[in-house]
Amino acid sequence: MKEQKIYTTSSDYAYQELRHQIITKQLKPGQRLPEVSLAVRMGVSRTPVREALRRLGTEGLVNIIPNSGARLAAPTQREIEDTFLVREQLEVLAIRLAAERIDDRHLRRLEEAMIEEARAIDEKKLEAYLEVNESFHTTIADASGNKVLAKLVKDIIVRTNAYVVFYDPFYQIETVPTVDVHREILVALRHHDVEKCVKLMKRHLKEAAAGINQSQSQSIASAPENDAGEAPEESTFPGAGFSSPPHPSVSRDRASAPAFFTRATAFLMPQFPALT
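Here goes a summary of the coordinates provided.

What counts and what doesn't
- Residues numbered from 1 in each chain as written.
- Predicted model: local features only at pLDDT ≥ 70, side-chain atom pairs only at ≥ 80, totals over all residues.
- Heavy atoms only, no water.
- Core = buried A, V, L, I, M, F, W, Y, C linked by side-chain atoms within 4.5 Å.
- Buried < 20%, exposed > 50% of the residue type's maximum accessible area, 1.4 Å probe, protein only.
- Contact = heavy atoms within 4.5 Å.
- Salt bridge = Lys/Arg side-chain N within 4 Å of Asp/Glu carboxyl O.
- Helix = DSSP H or I, 4+ residues; strand = E, 2+ residues; numbered from the N terminus.
- Pairing = 2+ DSSP bridges.
- Expected span 1.5 Å × (residues − 1).

Focus on the nonpolar core
Step number 1: Counting residues in each nonpolar core, the largest one holds 38 residues, and the members touching the most others are Ile22, Leu33, Met42, Leu53, Val62 and Phe166.
Step number 2: Each residue touching phenylalanine 166, except ones within four places of it in the same chain, is listed here: Ile22, Lys25, Pro29, Gly60, Leu61, Leu72, Ala73 and Pro75.
Step number 3: Counting 23 residues, the second-largest nonpolar core is a separate cluster that includes Ile102, Leu110, Leu186 and Met201.

Considerations on the pattern of salt bridges
Step number 1: Enumeration according to the criterion identifies 17 salt bridges in this entry.
Step number 2: Two residues, glutamate 91 and arginine 87, come together in a salt bridge whose shortest N-O distance is 2.6 Å. Of this pair, glutamate 91 and arginine 87 are both found in helix H4 (residues 77-101), 4 residues apart, which corresponds to roughly one turn of the helix. The residues glutamate 91 and arginine 87 share a single accessibility class, namely buried.
Step number 3: Between glutamate 116 and arginine 119 there is a salt bridge whose closest N-O contact spans 2.7 Å. Placement of both glutamate 116 and arginine 119 in helix H5 (residues 104-122) is noted, with a separation of 3 residues, approximately one turn of the helix.
Step number 4: Several salt bridges share partner residues, and in doing so they unite Glu35, Arg46 and Arg50 into one network.

Structural notes on the pairing of strand E1 (residues 62-65)
Step number 1: In terms of strand pairing, E1 meets strand E2 (residues 69-72) through 4 bridges, oriented antiparallel. By the bridge assignment, asparagine 63 is partnered in E2 with arginine 71.
Step number 2: In this antiparallel pair of consecutive strands, E1 and E2, the connection spans 3 residues, and asparagine 67 shows a positive phi of 65°.

Some details on helix H1 (residues 10-23)
Step number 1: Here H1 spans 20 Å end to end across 14 residues, near enough to the 20 Å set by a 1.5 Å rise per residue.
Step number 2: Within H1, 12 of the 14 residues are buried, which leaves the element mostly enclosed by the surrounding structure.
Step number 3: Buried residues belonging to H1 abut helix H2 (35-42), helix H3 (46-58), E1, E2, helix H6 (126-143) and helix H7 (147-167).
Step number 4: Among the residues trailing H1, lysine 25 stands out with phi positive, at a value near 60°.

Listed below in structure tokens is the structure:
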């Protein structure tokens, strides 16, 4: 049975719809996200779209440019390397502390996260994978007993998740992730082996950063350019007639916008032509 999502506000609907299109790679890094065009196509006013773009900006998925509008983020190789360097330092400290203090409750949470992670990989659901992968790492940070550190780890993971969304070839069979490294980390934590935990975490994050950097370089090399030197922008928003369908391995599993949003905005808003 498909999961039905109920949106309590038009802002939440706009946020979830845009985030879904970004994660399923229907939008391209650097692509313009005009508020008016998005609002008309989703059947909401500009205010919830603006709020949704701001939320996506805090996740590193969207850049809000003064006097220019919003664009999908396009992280550089240097930015990816710098962010993963910070993440490595934070998570190494977290797992060093966690290896000494972790209890059965946190170990069970890690086991549960691994089960969900394996399912998300098998079903090729990137949104679910990002959620459970984040849960695994933040559980380790929580087990460190340092709340400030745990908050910093959570924040940096949100940012690196954006790099996974843009550049990780999650849907390619030959590059699909596994839970093997997480399994090794769990075993080391169970044995309170501090040095092994640190070694595994460093290796894990270095490999993740290297994989994303390689994919980012390939993406830039293969991207077609228009006269302005930018990737061509396509109309890929709800109601506009998708220029390219969602990836065939991705299941939408979400409800449409509440009917009252559509009826209300149809009455209150003139139907502006789509902006390009």
